[in-house]
Amino acid sequence: MSGRRGAKGNPRLCPCRALAPAPRFLESYCSSIHCTEEQRGAMALAAPSSLRRLPTTPPHVPPPPCASRLRSRPLREPRLCQRLVATAAAAAPLASSPTTADTERRKHELLRAVQETRRGFAAGPDQRAAIEEAVVAVEERGAGEGTPLDLAALDGTWRLCYTSASDVLVLFEAAERLPPLQVGQIYQKFECKDRSDGGIVRNVVRWSIENLLEEQEGATLMVSAKFVVLSKRNIFLQFEEVAVENIKISEQLQALIAPAILPRSFLSLQILQFLKTFRAQVPVSGPERRSPGGLYYLSYLDRDMLLGRSVGGGGVFVFTKAQPLT
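Residues numbered from 1 in each chain as written. Predicted model: local features only at pLDDT ≥ 70, side-chain atom pairs only at ≥ 80, totals over all residues. Heavy atoms only, no water.

K.L.:
What am I meant to see in the packing of aromatic side chains here?
P.N.:
Any pair of aromatic rings gets described here by the distance separating the centres and the angle formed by the planes. What the rule picks out here adds up to three aromatic pairs. Judged by centre distance (5.8 Å) and plane angle (85°), the rings of Phe-190 and Phe-227 are edge-to-face. Of the two residues, Phe-190 sits in strand 2 (residues 181–191) while Phe-227 sits in strand 4 (residues 219–229), which places them 37 residues apart along the sequence. Considered together, Phe-190 and Phe-227 belong to a single accessibility category, that of buried residues. Taking the centre distance of 5.9 Å and the plane angle of 85° together, the rings of Tyr-296 and Phe-317 count as edge-to-face. Here the residue Tyr-296 occupies a position in strand 7 (residues 293–301), and Phe-317 occupies one in strand 9 (residues 316–322), the gap between them amounting to 21 residues. When sorted by exposure, Tyr-296 lands in the same class as Phe-317, which is buried. Among the aromatic residues, ring-to-ring pairing joins Tyr-296, Phe-317 and Phe-319 into one connected group. (Phe/Tyr/Trp six-rings, centres within 6.5 Å; stacked < 30°, edge-to-face > 60°. Helix = DSSP H or I, 4+ residues; strand = E, 2+ residues; numbered from the N terminus. Buried < 20%, exposed > 50% of the residue type's maximum accessible area, 1.4 Å probe, protein only.)

Here it is, written out as structure tokens:
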């Protein structure tokens, strides 16, 4: 009743605003529809008594049942998030790293490109350009500059499949011009399994002379060098000696020295033994002369392929893993 008398005493005062406390929704509602004084009074009288004493702050709304259940399990979600983050972190490098299948495909394409080149001697300009592109494609899948050279993986015997280095191609050219001369397999043998700073590398060339030595592998030319690791992919070679060994004479020559129909004399046996154990070596370094050397960049290395580049002299080398030399 006090609200209605306040409204009559002040005709401008809306009965809604005379409520103590005045409901805010009625004030905004009356202002929005511009109701007349009589309409406002009727609205105030029609309002239930419960609305006349509405609290100014909203009542507390209980949380939904799902929220209470979530609060009752405070440790499960953090652990789940930790597992998801760990899984994503582990999968991230796998997604960004090159696939093994693609690497093997590029290696196969490189070996197929060099297959008919006679280790590089018969390759024309177009073939060399295509092979260079294939080499670069494999190098892109390598460990890169950021990974140190794995000397344990480098240790072993590697067979030459292709090269563009002139100091090796000259051997094939000599065999082409001198038919009795034969150039067999060429290897690089690294001895660095238990080392971290360098080791020994031996360039092994199997060669022969027709009718005098066994075919392809009648003798061995070996160039030995020490190497030191200069950076993560560069090694420096310091050559020490050149040797000719493992002479294997042909059956024709053996028959000439010691005919089978005649008893072998002491002299003939001595000659055969001398040829089998013959080893001629020429040192290329000494106290009065500086040993020749060269910088070698190993651009790719895995369990069955080695790619190298001769820095300064030029030339690329493609090797595959071979059985140990005997």
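K.L.:
Please clarify how the nonpolar core should be interpreted in this entry.
P.N.:
Burial of nonpolar side chains together is a common tendency in soluble globular proteins. Formed by 26 residues in total, the largest nonpolar core has its most connected members in Leu-154, Phe-190, Phe-227, Ile-235, Tyr-296 and Leu-306. If you tally residues by element for this core, the top one is helix 10 (residues 166–177), at four residues. Setting aside its immediate chain neighbours within four residues, Leu-154 contacts Leu-149, Phe-190, Cys-192, Leu-298, Leu-301 and Leu-306. Within the second largest apolar cluster, 14 residues are counted, among which are Leu-110, Ile-131, Tyr-162 and Leu-307. (Core = buried A, V, L, I, M, F, W, Y, C linked by side-chain atoms within 4.5 Å. Contact = heavy atoms within 4.5 Å.)

K.L.:
Could you clarify how one ought to interpret the confidence of the model for the protein chain in this entry?
P.N.:
As a note on interpretation, predicted positions should not be read in detail where pLDDT is low. With 65% of its residues at a pLDDT of at least 70, the protein chain reaches an overall mean of 76. Here helix 1 (residues 2–9) stands out as the element of the protein chain with the lowest mean pLDDT, 43, in contrast to strand 1 (residues 156–163), whose mean of 98 is the highest. Within the model, pLDDT remains below 50 along residues 1–23, and this stretch shows 36 contacts once partners closer than five positions in the same chain are excluded. Here residues 65–78 is modelled with pLDDT under 50, and outside its nearest four sequence neighbours on either side it reaches two contacts, counting other chains as well. (pLDDT = per-residue confidence, 0-100.)

K.L.:
How do you make sense of the environment of Val-311 when you look at a structure like this?
P.N.:
In this fold, Val-311 is placed in strand 8 (residues 305–311). By relative accessible area, Val-311 is classed as partly exposed at 40%. As a C-alpha pair, Val-311 and Gly-294 span 17 residues in sequence and 7.4 Å in three-dimensional space. Once you skip the residues sitting within four places of it in the chain, Val-311 turns out to touch Asn-234, Leu-295 and Tyr-297.

K.L.:
It is not clear to me how the pairing of strand 9 should be interpreted in this structure. Could you clarify?
P.N.:
Regular strands place side chains that alternate from one sheet face to the opposite one. In terms of burial, strand 9 is largely enclosed, as six of its seven residues are buried. As defined by bridge partners, strand 1 adjoins strand 9 across six bridges and the pair is classed as antiparallel. Looking across to strand 9, one finds that Tyr-162 is bridged to Val-318. The sheet contact formed by strand 8 and strand 9 spans five bridges and is antiparallel. By the bridge assignment for strand 9, Gly-308 is matched with Phe-317. Connecting strand 8 to the antiparallel partner strand 9 that follows it, the hairpin turn spans four residues, and Gly-312 within it adopts a positive phi of roughly 95°. (Pairing = 2+ DSSP bridges.)

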